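Residues per chain are reported as follows:
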Amino acid sequence: MKNKYLLLFTLLFNVIVNSQEIQWKTFEIGKYKIEFPNDFSLIEEQGIDSYIGRIENKELIVEFDYGAFTNNLEEYENNPEYEVKVNTLEGDSRKIALAKNSLNGFTAIYILDENSSIALGMFSRDISPEKQSFLLDIFENRISLKTLTVKNYLNDISFNLNNQKKFIEINGILQTENFMIFNILGIKTLNGKINNQGRIDINTLKNGIYIFKLDNGYTIKFLKY
């Protein structure tokens, strides 16, 4: 009889535990919001030409790359070892690549900003089928744009170039943003972080045409002389 009660208690306990809802928290990468369970943390790393890092817990590591040169996953489109899904995310183009053998391959997503060449890439490698299904759910259902529409946000940003005093001033951004400056050949010449009404010293840049980009998608071409 005691064994029966113990078995019943164990079954009820498992039902209660399994029925508890996962608590989620939101990470922001550029213009996107991504939800992960509460035990995940965001780790930022030093990128050469983009914002990179990883979102991880003790069991899963998901790396990310947000910038102009993010891997667009084209290499997997005609690869028989992968399934590739293509659709849109609130206007931005979204591509998901799934290794058919998740234990030996990548589970990845690429989202291209409809207003610029900036893209978000996220991936994990060599994970179990269960973790792949979990990550696919995040890729398909738990990534969204920030509440403030990007078009309206970008329209409020002003770019002011002072060629005499050799600086750029940015107004209208709502939070600290990563910026990158590329020359006409697409080579990154300057990068860093900028706040609202912040200034960027461009004394080190040679005279010429440059492209200025914020990680929220704002892009503008300017001439230094």
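Our subject is the structure listed above.
Note that the structure is a prediction, hence the values are computed from the model and not measured.

Cut-off values and rules
Residues numbered from 1 in each chain as written. Predicted model: local features only at pLDDT ≥ 70, side-chain atom pairs only at ≥ 80, totals over all residues. Heavy atoms only, no water. Helix = DSSP H or I, 4+ residues; strand = E, 2+ residues; numbered from the N terminus. Buried < 20%, exposed > 50% of the residue type's maximum accessible area, 1.4 Å probe, protein only. Contact = heavy atoms within 4.5 Å. Areas by Shrake-Rupley, 256 points an atom, 1.4 Å probe, with all protein chains shown as cover. Polar contact = N/O pair within 3.5 Å; in protein donor to acceptor, adjacent residues only side chain to side chain. Expected span 1.5 Å × (residues − 1). Arc of directions from axis to C-beta. Pairing = 2+ DSSP bridges. Axes fitted to C-alpha atoms, helices over the stretch in contact; angles between N-to-C directions. Salt bridge = Lys/Arg side-chain N within 4 Å of Asp/Glu carboxyl O. Patch = residues over 30% accessible without salt bridge, like charges linked within 9 Å, V, L, I, M, F, W, Y side chains within 5 Å.

Assigned secondary structure in the chain consists of 3 helices and 17 strands. Looking at the chain as a whole, 42% of its 225 residues are labelled buried. Here the contacts in the chain between residues at least 6 apart in sequence split such that 48% fall between residues at least 24 apart. When the accessible area of the chain is evaluated, it comes to approximately 13000 Å², of which 51% is carbon and sulfur surface.

A separate point is the side chain of Q132. Tracing the backbone shows Q132 in helix α2 (residues 129-141). In this structure the side chain of Q132 is engaged in a polar contact, spanning 3.0 Å, whose partner is the backbone oxygen of A99. Not counting chain neighbours up to four residues away, the residues in contact with Q132 comprise L98, A99, S102, T107 and I127.

Let us now look at α2. Taking 1.5 Å per residue as the helical rise, α2 with its 13 residues ought to reach 18 Å, and the 18 Å between its terminal C-alpha atoms agrees with that figure. Every buried residue belonging to α2 is among Q132, L135, L136, I138 and F139, and all of these are buried. Buried positions in α2, seen along its axis, are confined to an arc of 160 degrees and lie on one side of it. Every exposed residue of α2 that faces more than 90 degrees away from the buried side is listed here: E130 and N141.

Attention now goes to the sheet that holds strand β11 (residues 158-162). Strand order in this open sheet of 3 strands is β11-β12-β15, and the pairing throughout is antiparallel. The open sheet has two free edges, formed respectively by β11 and β15 (198-201), since each of these has just one partner strand. Direction aside, neighbouring strands of the sheet carry axes that sit 20 degrees apart on average. In terms of strand pairing, strand β12 (residues 167-171) meets β15 through 4 bridges, oriented antiparallel. In the strand pairing of β15, F167 is matched with D201.

The final tally for this structure, using the stated rule, is 10 salt bridges. A salt bridge links K85 to E140, with the shortest nitrogen-to-oxygen separation between them at 3.2 Å. A residue pair is termed long-range when its members are at least 10 positions apart, and K85 in strand β6 (residues 82-89) and E140 in helix α2 qualify at 55 residues. Taking relative accessible area as the criterion, K85 reaches 25% and is therefore assigned partly exposed. For E140, a relative accessible area of 30% translates into the label partly exposed. A salt bridge links D137 to R142; its shortest N-O distance comes to 3.7 Å.

Turning our eyes to something else, we now look at a nonpolar patch on the surface. A cluster of nonpolar residues, I184, L185, I187, I209, L223 and Y225, forms a patch on the protein surface that exposes about 650 Å² of accessible area. With respect to the helices, strands and loops of the structure, L185 is situated in the loop between β13 (177-183) and β14 (188-194).

A word on the pairing of strand β9 (residues 119-125). β9 sits mainly inside the fold: 5 of its 7 residues count as buried. For strand β5 (residues 61-67) and β9, the ladder comprises 5 bridges, and the chain directions are antiparallel. Along β9, the bridge assignment pairs Y66 with L120. Pairing analysis gives 7 bridges linking strand β8 (residues 106-112) to β9, with the strands arranged antiparallel. Across the sheet, the residue bridging to A108 is F123, located in β9. Between β8 and the antiparallel strand that follows it, β9, lie 6 residues.

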